[in-house]
Amino acid sequence: MTAIGIIGSAGRMGQALAAAIPDLGATLVGGIDAGGDPAVLTREADVLIDFSVPGALEATLAAARASGTPILIGTTGLGLAHHALIDAAAAEIAVLQTGNVSLGVTLLARLVREAAARLGPDWDIEIAEMHHRHKVDAPSGTALLLGEAAAEGRGITLAEAKVTDRAGLTGARSEGTIGFASLRGGSVAGDHLVVFAGEGERIEIGHRAENRAIFARGAITAALWLAGQPAGRYGMAEVLGL
């Protein structure tokens with residue numbers, strides 16, 4: 001059986017992963033948290049799953065590269081410097097980085113990209129998301145993933161179209177922008193809604209996560225797939241063959 005090591009094992013996702021790994025035919029060889037040494041895990045793990053914090057990524061990738069261990073990165077809140085580290089690591093090992101490991105969200109992103117590609121810029125795109133009160137980043141990694149899909153469908157970059165702050169007198173909506181709204185409260189595992197608003201009609205495509213178990217199953221499914229891949233940077237679309 002494939003041996004899996006967890007980075008961020010004490011967190012909500014880490015605990016969900018540990019509970020789900022045996023049910024999916026894999027073995028948990030251990031986990032670490034803040035202050036732990038990722039090199040210890042790489043000695044026994046066939047693949048790593050990282051749901052920790054952005055600040056830990058550099059050390060984790062260095063350990064994975066040194067041992068040649070594939071790694072799935074589900075940590076959100078990553079910046080340009082983190083993505084540069086991931087690109088460098090992907091030249092030597094298999095790396096799957098994603099803002100959401102749900103198989104349903106992966107398909108949702110494909111539908112969003114297809115809709116954006118077929119609808120003109122006169123269709124406004126808005127992305128709304130809600131998560132539990134403890135989430136520390138906004139917009140969510142999933143919302144940004146969906147925004148990237150919409151931007152890709154329109155042949156633009158999300159950086160040039162993203163709008164996240166509409167407080168005050170903001171004026172009329174600019175054509176071609178992609179708006180984000182973030183809600184926080186309670187114990188919501190993750191709700192996402194993408195709205196395509198045209199004149200007199202509206203298309204809404206969404207996904208609701210009822211518990212973290214779906215993310216754990218998706219991450220483990222992806223990790224098992226990743227364990228057999230050559231060096232390169234992958235996403236969840238490849239796992240589903242999209």
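What counts, and where the lines are drawn
Residues numbered from 1 in each chain as written. Predicted model: local features only at pLDDT ≥ 70, side-chain atom pairs only at ≥ 80, totals over all residues. Heavy atoms only, no water. Phe/Tyr/Trp six-rings, centres within 6.5 Å; stacked < 30°, edge-to-face > 60°. Buried < 20%, exposed > 50% of the residue type's maximum accessible area, 1.4 Å probe, protein only. Salt bridge = Lys/Arg side-chain N within 4 Å of Asp/Glu carboxyl O. Helix = DSSP H or I, 4+ residues; strand = E, 2+ residues; numbered from the N terminus. Pairing = 2+ DSSP bridges. Axes fitted to C-alpha atoms, helices over the stretch in contact; angles between N-to-C directions. Parallel < 35°, antiparallel > 145°, perpendicular 65-115°, else oblique. Contact = heavy atoms within 4.5 Å. Nonpolar A, V, L, I, M, F, W, Y, C, P; charged D, E, K, R; others polar. Patch = residues over 30% accessible without salt bridge, like charges linked within 9 Å, V, L, I, M, F, W, Y side chains within 5 Å. Areas by Shrake-Rupley, 256 points an atom, 1.4 Å probe, with all protein chains shown as cover. Core = buried A, V, L, I, M, F, W, Y, C linked by side-chain atoms within 4.5 Å. Polar contact = N/O pair within 3.5 Å; in protein donor to acceptor, adjacent residues only side chain to side chain.

A. Spatial organisation of the packing of aromatic side chains. Per the counting criterion, the structure on display carries 1 aromatic pair. Between Trp-225 and Tyr-234 the ring centres are 5.3 Å apart and the planes differ by 85 degrees, which places this aromatic pair in the edge-to-face class. We classify Trp-225 as partly exposed; its relative accessible area is 23%.

B. Examining the pattern of salt bridges more closely. Under the counting rule described, the total for this entry stands at 11 salt bridges. Linking Arg-233 and Asp-87 is a salt bridge whose minimum nitrogen-to-oxygen distance equals 2.6 Å. Of the two residues, Arg-233 sits in strand β11 (residues 232-234) while Asp-87 sits in helix α4 (residues 80-90), which places them 146 residues apart along the sequence. By relative accessible area, Arg-233 is classed as partly exposed at 31%. A relative accessible area of 46% means that Asp-87 is categorised as partly exposed. For the salt bridge of Arg-113 with Glu-152, the shortest nitrogen-to-oxygen distance reads 3.2 Å. Within this pair, whereas Arg-113 is found in helix α5 (residues 103-118), its partner Glu-152 is found in helix α6 (residues 141-154), the two being separated by 39 residues in sequence. Within this structure, Arg-113, Glu-114, Arg-118 and Glu-152 form a network of salt bridges that share partners.

C. Summary view of the pairing of strand β8 (residues 178-184). Relative to β8, strand β6 (residues 124-131) is paired through 7 bridges, and the arrangement is parallel. What sits directly across from His-131, in β8, is Arg-184. As judged from the 2 bridges shared by strand β7 (residues 162-163) and β8, these two strands associate in the parallel manner. Within β8, the position partnered with Lys-162 by the bridge is Ile-178.

D. Spotlight on the sheet that holds strand β2 (residues 27-32). Strand order in the open sheet made by the 6 strands is β2-β1-β3-β4-β5-β11, with parallel pairing throughout. Edge positions in the open sheet fall to β2 and β11, since each of these has one partner strand only. The mean inter-strand angle of the sheet, taken between neighbouring strand axes irrespective of direction, is 20 degrees. The sheet contact formed by strand β4 (residues 71-73) and strand β5 (residues 94-97) spans 3 bridges and is parallel. Counterpart to Leu-72 in the pairing with β5 is Leu-96.

E. Looking closely at the packing of helix α3 (residues 57-67) against α4. Where α3 contacts α4, the two axes come as close as 10 Å, and the packing angle between them is 0 degrees. Comparing the axis directions of α3 and α4 gives the class roughly parallel. Contacts from Leu-57, Glu-58, Leu-61 and Arg-65 of α3 reach α4 at His-82, Leu-85, Ile-86, Ala-88 and Ala-89. Of the residues in the contact of α3 with α4, the class split is 6 nonpolar, 1 polar and 2 charged.

F. Structural context of a nonpolar patch on the surface. Together, Leu-103, Leu-107, Leu-111, Leu-240 and Leu-242 line one region of the surface with nonpolar side chains, adding up to about 390 Å² of accessible area. Ranked by residues supplied to the nonpolar patch, first place goes to α5 with 3 residues. Assignment of secondary structure puts Leu-107 in helix α5. Owing to a relative accessible area of 42%, Leu-107 belongs among the partly exposed residues under this scheme.

G. Summary view of the sheet that holds strand β10 (residues 201-209). An order of β7-β8-β6-β9-β10 is seen for the 5 strands of this open sheet, with the pairing classed as mixed. Looking at the sheet topology across the chains shown, the edges are occupied by β7 and β10.

H. View of the nonpolar core. Among the nonpolar cores identified, the biggest contains 27 residues, and Leu-17, Ile-49, Phe-51, Leu-72 and Leu-96 are the most heavily contacted of them. If you list the elements that add at least two residues to this core, you get β1 (3-7), α1 (12-20), β3 (47-50), β5, α8 (213-226) and α9 (236-240). In contact with Phe-51, not counting residues within four places along its chain, are Ile-7, Gly-8, Met-13, Leu-17, Leu-72, Gly-74, Thr-75, Val-101 and Ala-219. If you look at the next biggest cluster of nonpolar residues, it comprises 21 residues, including Leu-108, Ala-109, Ala-116 and Val-194.

I. Spotlight on the side chain of Lys-135. With respect to the helices, strands and loops of the structure, Lys-135 is situated in the loop between β6 and α6. Reaching out from Lys-135, the side chain makes a polar contact with the side chain of Asp-137 at a distance of 3.1 Å. With sequence-adjacent residues up to four places away left out, Lys-135 is seen in contact with Thr-76, Ser-140 and Arg-184.

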